[in-house]
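Take a look at the letters that make up each chain.
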Amino acid sequence: MSLSSLVTVITVAVLVAWLLASTVCQIPKLRMAHWLRRHDRFDLLPSWAFFAPIPVTRDLDLWYRACRALGEEPTWHRFGRSNQQRFFLLWNPCLRSEQTVLELCARVLNIAFDDLSLDLRQVSWFQLLADRANRDSGGNGPADVQLKIAQSSWLTNVQESEPLLIGPQCGESGGA
Amino acid sequence: MGVEAFAGRAIAVLLGFGIGIDALESIWLRSNAASPGLLHLERYPITRVRFGYALDAVQLICAMCIITQPWWVLTIIASLVLVIVRLFGRLTAYPGRDGADQMFVIVLVAISLFSILPSNTAKQVCLLFIGAQAILCYSVAGLSKLSSPAWRDGIAVSGILSTRIYGDRRLFQFLDGRPLLSRAIGWSVIAFECSVIPLVFAGVSGAILFVISGFVFHIGGAVVMRLYRFFWAMIATYPALIYLSDFMANRLSQHGIVTWQALAGGTLGLTLLGAAVIVASHPAKPRVARVARVGGNDG
């Protein structure tokens, strides 16, 4: 077998294997799918179920308040939402960061709902949110802010959005 | 220029635009101090600032090389560098990626192999792989929506439009008191996505019909839901879809295995049967969603 043929065979084998693995991973109930995803270090196995079977129907807003103020109730600040700068098909820089907030908040909520006694400060996604909120507030560390995740939509006034989770108070190490 | 070369060039140009715009947006976000959100949650501090700028600039330059293809060696190097940078980004960055990013990497790897490998068979396989991934993408998206009572009832459409991140206030208010219209839109999305197999296997005409519908569908998604990256990621696969359709029709009729009419009819029948089974096996009343999936993998 020539080198060219060998390379072609290897290419075919790799791409077919990748396609088969991608297909298997679309069925989350399969044990093989779990095994494959656990070893997918580079996130090469896609998940093509967009907005289904459970669609996104509410925004998740991240709020934070600094703990530095003494003797007064610190106010909640909503983690900035963009002015939605966009230009038809060519420019929408803030969507990715908003998607990141949404995804991290969803992960934190799922973890918190699974175990209400869990110390959220030990959860890496929560730490990320706290760290970023701390940087925004100019605090001394992630423990210097308290987080709140609330849901909203076009139907609700943002200021009155329903809180789904309020994180540990400053200095506490307890659960939600 | 052969058919394979034309398809590969078209895919590379469309992909280059998508990745180039993505890199520009990333540079803008890094440099804009007032930008909100949690972009660039890199695991390692070194990748947060200067190194991050460098990676974005490299992606932009490589994307321009892929679009313009000034010299074949440069194009190959640009493709390989893009693959490495994108995979490195997956090791170092936290959530925020979606299906469009996944499709970018899949198409990027396949088109890089297409550029590097001289064998015509290997090039054909690369194109067929991209087409097959696109078929898998649309089929799974359609079937997962079909299995969802929220989508079948039209609740999903109005629900998504009610969000600030993916919705549009005026469109939501218009659809709010029109449940039948919401349901019709939901079913049209399901029908479009589920039709990928019957149409692509119906020959080039069917594939072109699907591609035109897809173009309109993704422009709608970009305008209403701001899913611009999906537009570029998915239309980059369309030359491969048409190539796959033509390949299947030619090969099957050449070997006398089955006529394209029989294949189209068979796949349509199987799709309808599968759809009926899915609808029958899922409850009519939507369950209350605890927290929705945005898309992408749960790590």
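Bear in mind the structure is a predicted one, so any value in this text is a computation, not a measurement. (Residues numbered from 1 in each chain as written. Chains lettered and ligands numbered in written order. Predicted model: local features only at pLDDT ≥ 70, side-chain atom pairs only at ≥ 80, totals over all residues. Heavy atoms only, no water.)

(A) A look at the packing of helix 1 (residues 3–24) of chain A against helix 5 (residues 120–146) of chain B. In contact at an axis separation of 10 Å, helix 1 of chain A and helix 5 of chain B are set at 5° when each is read in the N-to-C sense. Here helix 5 of chain B runs roughly parallel to helix 1 of chain A, going by the angle between their axes. Facing helix 1 of chain A, whose interface residues are T8, T11, V12, L15, W18, L19, S22 and T23 of chain A, helix 5 of chain B presents T121, A122, V125, C126, F129, A132, Q133 and L136 of chain B. For the contact of helix 1 of chain A with helix 5 of chain B, the per-class residue count stands at 10 nonpolar, six polar and no charged. (Axes fitted to C-alpha atoms, helices over the stretch in contact; angles between N-to-C directions. Helix = DSSP H or I, 4+ residues; strand = E, 2+ residues; numbered from the N terminus. Parallel < 35°, antiparallel > 145°, perpendicular 65-115°, else oblique. Contact = heavy atoms within 4.5 Å. Nonpolar A, V, L, I, M, F, W, Y, C, P; charged D, E, K, R; others polar.)

(B) Quick look at the sheet that holds strand 4 (residues 162–166) of chain A. Residues and elements named next belong to chain A. If you trace the four strands from one edge of the open sheet to the other, you get 2-1-3-4, paired in antiparallel fashion. Each edge of the sheet is formed by a strand with only one pairing partner; in this case those strands are strand 2 (77–78) and strand 4. Relative to strand 4, strand 3 (residues 145–152) runs antiparallel, the two sharing four bridges. By the bridge assignment for strand 4, Q151 is matched with E162. (Pairing = 2+ DSSP bridges.)

(C) Spotlight on the confidence of the model for chain A. Of the residues in chain A, 80% reach a pLDDT of 70 or more, and the chain-wide mean stands at 79. The least confident element of chain A, judged by mean pLDDT, is helix 4 (residues 124–137) of chain A at 78; the most confident is helix 1 of chain A at 91. (pLDDT = per-residue confidence, 0-100.)

(D) Structural detail: the confidence of the model for chain B. Residue and element names in this part refer to chain B. Mean pLDDT over chain B works out to 82, with 80% of the residues at or above the 70 mark. For residues 34–39, every residue scores under 50 in pLDDT, and the model assigns this stretch 25 contacts once sequence neighbours within four places are set aside. Long-range and interchain partners of residues 286–299, a stretch whose pLDDT sits below 50, account for 41 contacts in this model, where long-range means more than four residues apart.

(E) Seen up close, helix 1 of chain A. For helix 1 of chain A, spanning 22 residues, the distance from its first C-alpha to its last is 31 Å, which sits close to the expected 32 Å at 1.5 Å a residue. Where helix 1 of chain A is concerned, the buried positions are T8, T11, L15, W18, A21 and S22 of chain A. The inward-facing, buried residues of helix 1 of chain A abut helix 2 (31–38) of chain A together with helix 4 (99–116) and helix 5 of chain B. (Expected span 1.5 Å × (residues − 1). Buried < 20%, exposed > 50% of the residue type's maximum accessible area, 1.4 Å probe, protein only.)

(F) Layout of the layout of surface pockets. Residues and elements named next belong to chain B. The computed volume of the second largest pocket comes to approximately 560 Å³. Lining of the second largest pocket is provided by 24 residues; of these, W151, V189, F217, G221 and M225 occupy positions nearest its centre. Of all elements in the fold, only helix 5, helix 7 (155–161), helix 8 (169–176), helix 9 (179–194), helix 11 (204–225) and helix 12 (228–235) reach the threshold of two or more residues within the lining of the second largest pocket. Residue contributions to the lining of the second largest pocket peak at six residues, all from helix 11. (1 Å grid on protein atoms, 1.4 Å probe; cavity = no way out; pocket = protein on both sides within 12 Å on 5 of 7 lines; lining within 4 Å. Points joined across faces, edges and corners; volume = space filled by probe spheres on them.)

(G) Examining the side chain of S245 of chain B more closely. Residue and element names in this part refer to chain B. With respect to the helices, strands and loops of the structure, S245 is situated in helix 13 (residues 238–254). On the accessibility criterion, S245 (1% relative accessible area) is buried. Filtering out sequence-adjacent residues up to four positions away, S245 remains in contact with V200, G203, V204 and A207.

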